[in-house]
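Each chain, letter by letter, is given below.
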Amino acid sequence: MTEPTRSNDYWQSRPNTRNNPFSDYFFRHGDRMHRLLGRVSDVKFPDKLELPPDRPIVFAANHRSFLDIVVAGALFSHFELTCRFQVQARMFSKPVVGSWLTQLGCIPTNTKTREESERTSIESLEAGHTIAVMPEGRLVPPEDRPRGVGPGRPGIGRVVAKTGALVVPTACSGTSEVWPRGRPIPRLGLRKRPTVSVTFGEPMEFEGDDHQANVDAVMDEIAAMLKGKDAQATSP
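Quick caveat, the model's predicted, so the values are computed rather than measured.

## Some points on empty space enclosed by the protein
Here is step 1: Under the criterion given, the structure shown has 2 cavities of 30 Å³ or more.
Here is step 2: There is about 180 Å³ of room inside the largest cavity.
Here is step 3: Around the largest cavity sit 19 residues that line it, and Ala61, Asp68, Ala72, Phe76 and Met134 are the ones nearest its centre.
Here is step 4: Broken down by secondary-structure element, the contributors of at least two residues to the lining of the largest cavity are strand E2 (57–61), helix H3 (67–78), strand E3 (83–88), strand E5 (130–133) and strand E6 (166–173).
Here is step 5: At 6 residues, the largest contribution of residues to the lining of the largest cavity is made by H3.
Here is step 6: When its residues are assigned to classes, the lining of the largest cavity shows 15 nonpolar, 3 polar and 1 charged.

Structure representation (structure tokens):
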């Protein structure tokens with residue numbers, strides 16, 4: 001895998017997000033997650049990530065597996081980019097997992113904590129971090145994503161409207177082959193390791209105040225990027 005450029009203007013313009021306890025923990029554990037991914041899958045990350053330095057950034061990705069959180073940690077630490085992920089609030093009450101998610105800077109979210117979650121996301125963007133959200137809001141089973149993704153929820157639009165952030169569509173494939181929905185642990189010892197692949201789309205500018213229409217456009221972009229990726233994840 002090609003080493004990413006380390007002198008990106010986006011990172012240089014946000015020195016307050018580096019060299020602090022959160023970033024140190026994030027990058028250290030992200031490196032561990034990257035090594036873990038390499039043991040259970042053939043990891044394919046983009047060679048580079050170019051972001052406009054003058055805008056907050058929200059990454060919007062599809063969601064199929066608990067492994068997605070591991071992929072996100074590995075991905076963003078690979079690019080030396082601090083990113084706070086929105087994660088279902090119920091996960092924070094689980095032993096060990098909950099404290100790990102908290103230390104990793106994840107943001108609890110559900111219908112009851114929506115306002116707090118959005119406020120924390122906005123504050124994080126204003127502090128110079130990026131945010132990662134999964135607009136589908138749940139692990140989407142295959143039967144509910146005939147075109148590769150499920151329907152998105154409009155919460156991302158409210159965060160973008162209050163921060164002026166750009167949204168980067170992010171397509172993740174292969175994670176459900178490693179850790180299928182409904183299994184307590186990943187599938188280990190497979191004869192052929194599935195390909196876990198991430199693709200970034202061009203940053204999107206949301207228009208107007210129709211949050212559902214904006215998130216629908218993001219999900220359309222993710223669905224388009226996933227075409228062919230799913231077949232690659234399981235090809236012999």
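Additional details are given in the paragraphs that follow.
## A few points about the environment of alanine 213
Here is step 1: The residue alanine 213 is located in helix H8 (residues 211–226) in this model.
Here is step 2: Sequence spacing of alanine 213 and glycine 152 is 61 residues, and the spatial spacing of their C-alpha atoms is 9.6 Å.

## Describing the sheet that holds strand E7 (residues 195–200)
Here is step 1: Ordered by their spatial adjacency, 7 strands build an open sheet running E1-E7-E6-E2-E5-E3-E4, and the pairing between neighbours is mixed. Here the strands that pair on one side only, and so sit at the sheet edges, are strand E1 (42–44) and strand E4 (107–109). Pairwise comparison of adjacent strand axes, ignoring direction, gives a mean angle of 20 degrees for this sheet.
Here is step 2: Judged from the 3 bridges that link them, E3 and E4 form a sheet pairing that is parallel. Paired with valine 87 across the strands is proline 108, a residue of E4.
Here is step 3: On top of the sheet, helix H2 (residues 21–40) reaches E1 and E3; it is set at about 70 degrees to E3, its chief contact.
Here is step 4: Along the sheet face, H8 touches E2, E6 and E7 and points at about 35 degrees away from the line of E6.

## What to know about helix H6 (residues 155–163)
Here is step 1: Of the positions making up H6, those classed as buried are Gly155, Ile156, Gly157, Val159, Val160 and Thr163.
Here is step 2: Among the structural elements, E2, helix H5 (114–126), E5, E6 and H8 are those in contact with the buried residues of H6.
Here is step 3: Positive backbone phi, approximately 70 degrees, marks glycine 164, located one or two places after H6.

## Things to note about the environment of proline 56
Here is step 1: Examined against the element boundaries, proline 56 turns out to sit in the loop between E1 and E2.
Here is step 2: Spatially, the C-alpha atoms of proline 56 and glycine 105 are 17 Å apart, while their sequence positions differ by 49 residues.
Here is step 3: Sequence-distant contacts of proline 56, defined by excluding residues within four places in its chain, comprise Tyr10, Arg14, Leu125, Thr163, Gly164, Ala165 and Leu166.

## Comments concerning the confidence of the model for the protein chain
Here is step 1: Across the protein chain, pLDDT averages 89, with 92% of residues at or above 70.
Here is step 2: Across residues 1–7, where pLDDT falls below 50, the model places 16 contacts with residues more than four positions away in sequence or in other chains.

Rules used throughout
Residues numbered from 1 in each chain as written. Predicted model: local features only at pLDDT ≥ 70, side-chain atom pairs only at ≥ 80, totals over all residues. Heavy atoms only, no water. 1 Å grid on protein atoms, 1.4 Å probe; cavity = no way out; pocket = protein on both sides within 12 Å on 5 of 7 lines; lining within 4 Å. Points joined across faces, edges and corners; volume = space filled by probe spheres on them. Helix = DSSP H or I, 4+ residues; strand = E, 2+ residues; numbered from the N terminus. Nonpolar A, V, L, I, M, F, W, Y, C, P; charged D, E, K, R; others polar. Pairing = 2+ DSSP bridges. Axes fitted to C-alpha atoms, helices over the stretch in contact; angles between N-to-C directions. Contact = heavy atoms within 4.5 Å. Buried < 20%, exposed > 50% of the residue type's maximum accessible area, 1.4 Å probe, protein only. pLDDT = per-residue confidence, 0-100.

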